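Architecture and fold: a report
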Amino acid sequence: IAEKLFSLRKTVSIFTSWDQVAAAEAMTPAALAELKSKCVLGNFAVLGLENVGPQVGAELRKRGTLAVFWALAGMLVYIWFRFELRYGIGATMATIHDVLVTLGLYAFAGYEFNLTTIAAFLTLVGYSCNDTVVTFDRVRENLRKNPKEPLLSVMNHSINQTLSRTILTGGTVFLASFTLFLFGGDVIRGFAFIMTVGVIVGTYSSIYIASPFALLWEKYFGSGKAQRPQAGVKTAKSPAAAVGTPAKRRA
């Protein structure tokens, strides 16, 4: 009787009356009375149950980590090819910072790690890198206009010029994601949490993480390394400095 009843339920999806239950093949009055005494008819029914075991969960984490890693590596190579390596290093380090901080807060909040979580982190990687590239593009433009100006000064001016755009873009995305977090329901809440936190973290990392790392790379591994004086080596003085200034005539 149970097998016939489950087979009928797959056909009608949800039982809305006891007449449908009584119409099941091999149903007896005694079995129907037992069902009426211990069961109720509701507005929903469990049509299936899926369980993700530890092995599948480990595979999910592995694939999610690889997806984020290859996304970061691909953006590093593209920014290196499109701009310069120092900008690629700065953007990649800022994005890694955003992912790690958001992942820590996500785990602390106790949300479930699933495929939607991976999609949210990949979205965060793209958003954070895009925000950083906009700043670095302005740095490149200003370097072309003022090639003799120090990189630190150019970055400072470029960040100030793009600051309003960064705040406005991050603010609009924050409002949308935070509203989705409050009213989107449990299904989308994890995704909205990652985007809400990631927008905040990604906005300040484009200013305080990406640019300093680009400067450090330029200082220790870029052309700035060759320009720094070596320790213990005295720089030659100019002829004017060696001769000295002429003494002032007395009145």
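These remarks concern the structure in this document. This one's a predicted model, so the numbers in the text were calculated from it and none came from an experiment. (Residues numbered from 1 in each chain as written. Predicted model: local features only at pLDDT ≥ 70, side-chain atom pairs only at ≥ 80, totals over all residues. Heavy atoms only, no water.)

For the pair helix H6 (residues 115-145) and helix H7 (residues 151-183), interaxial distance at closest approach is 8 Å and the crossing angle is 145°. For the pair H6 and H7, the crossing hand works out as right-handed. Contacts between H6 and H7 involve Tyr 127, Asn 130, Asp 131, Val 134, Thr 135, Phe 136, Arg 138, Val 139, Asn 142 and Leu 143 on the former and, on the latter, Leu 151, Val 154, Met 155, Ser 158, Ile 159, Gln 161, Thr 162, Arg 165, Thr 166, Thr 169, Gly 170 and Val 173. (Axes fitted to C-alpha atoms, helices over the stretch in contact; angles between N-to-C directions. Helix = DSSP H or I, 4+ residues; strand = E, 2+ residues; numbered from the N terminus. Left-handed = near helix turned anticlockwise from the far one by under 90°. Contact = heavy atoms within 4.5 Å.)

This part covers the packing of aromatic side chains. According to the stated counting rule, one finds nine aromatic pairs in the structure shown. Taking the centre distance of 6.2 Å and the plane angle of 45° together, the rings of Tyr 106 and Phe 193 count as tilted. Taken together, the residues span a long stretch of sequence, with Tyr 106 in helix H5 (residues 85-109) and Phe 193 in helix H8 (residues 186-208) at a distance of 87 residues. What makes Tyr 106 buried here is its relative accessible area of 3%. Measuring from centroid to centroid gives 5.1 Å for Tyr 111 and Phe 193, while their planes differ by 40°, and the two rings are tilted. Of this pair, Tyr 111 sits in the loop between H5 and H6 while Phe 193 sits in helix H8, placing them 82 residues apart in sequence. For Tyr 111, a relative accessible area of 28% puts it in the partly exposed group. Aromatic rings pair up to connect Tyr 106, Tyr 111, Phe 121, Phe 174, Phe 178, Phe 181 and Phe 193 into one cluster. Sitting above the plane of the Phe 181 ring, Arg 189 keeps its charged end 5.8 Å from the centroid. (Phe/Tyr/Trp six-rings, centres within 6.5 Å; stacked < 30°, edge-to-face > 60°. Buried < 20%, exposed > 50% of the residue type's maximum accessible area, 1.4 Å probe, protein only. Lys NZ or Arg CZ within 6 Å of the ring centre and 35° of its normal.)

As a further point, take the layout of surface pockets. In this model, the second largest pocket occupies a volume close to 260 Å³. If you list the elements that add at least two residues to the lining of the second largest pocket, you get helix H4 (54-82), H5 and H6. No other element matches H4, which puts six residues into the lining of the second largest pocket. Across the lining of the second largest pocket, the residue classes tally to 10 nonpolar, three polar and one charged. (1 Å grid on protein atoms, 1.4 Å probe; cavity = no way out; pocket = protein on both sides within 12 Å on 5 of 7 lines; lining within 4 Å. Points joined across faces, edges and corners; volume = space filled by probe spheres on them. Nonpolar A, V, L, I, M, F, W, Y, C, P; charged D, E, K, R; others polar.)

Moving on, we come to the nonpolar core. Core analysis: the biggest nonpolar cluster contains 15 residues, and Ile 79, Tyr 87, Phe 136, Val 139, Leu 143, Leu 151 and Met 155 have the highest contact counts within it. Of all the secondary structure elements, the ones that give two or more residues to this core are H5, H6, H7 and helix H9 (210-220). Among the elements that make up this core, the one with the highest residue count is H6 (four residues). With near-sequence residues (within four places) excluded, Leu 151 lies in contact with Arg 86, Tyr 87, Val 139, Leu 143, Leu 215 and Glu 218. Among the nonpolar cores identified, the runner-up in size contains 14 residues, and Val 68, Phe 121, Val 125 and Ala 192 belong to it. (Core = buried A, V, L, I, M, F, W, Y, C linked by side-chain atoms within 4.5 Å.)

As a further point, take H7. Compared with the 48 Å implied by 1.5 Å per residue over 33 residues, the 45 Å span of H7 between its first and last C-alpha is a close match. Residues of H7 that are buried include every one of Leu 151, Val 154, Met 155, Ser 158, Ile 159, Thr 162, Thr 166, Gly 170, Ser 177 and Phe 181, and no others. Packed against the buried residues of H7 are H5, H6, H8 and H9. Immediately beyond the C-terminal end of H7, within one or two residues, lies Gly 185, with a positive phi of roughly 95°. (Expected span 1.5 Å × (residues − 1).)

The next subject is the environment of Val 133. With respect to the secondary-structure elements, Val 133 resides in helix H6. Note: C-alpha distance between Val 133 and Ala 210 (77 residues apart in sequence) is 9.6 Å. Residues in contact with Val 133, not counting those within four places in the same chain, are Ile 79 and Phe 83.

Their axes nearest at 3 Å, the elements H8 and H9 cross at an angle of 30°. As far as their axial angle goes, H9 and H8 are roughly parallel. Residue-level contacts link Ser 205, Ser 206, Ile 207 and Tyr 208 of H8 to Ala 210, Ser 211 and Pro 212 of H9. Residues that form the contact of H8 with H9 fall into these classes: four nonpolar, three polar and no charged. (Parallel < 35°, antiparallel > 145°, perpendicular 65-115°, else oblique.)

So far we have only geometry, and geometry alone does not tell us how the molecule works.
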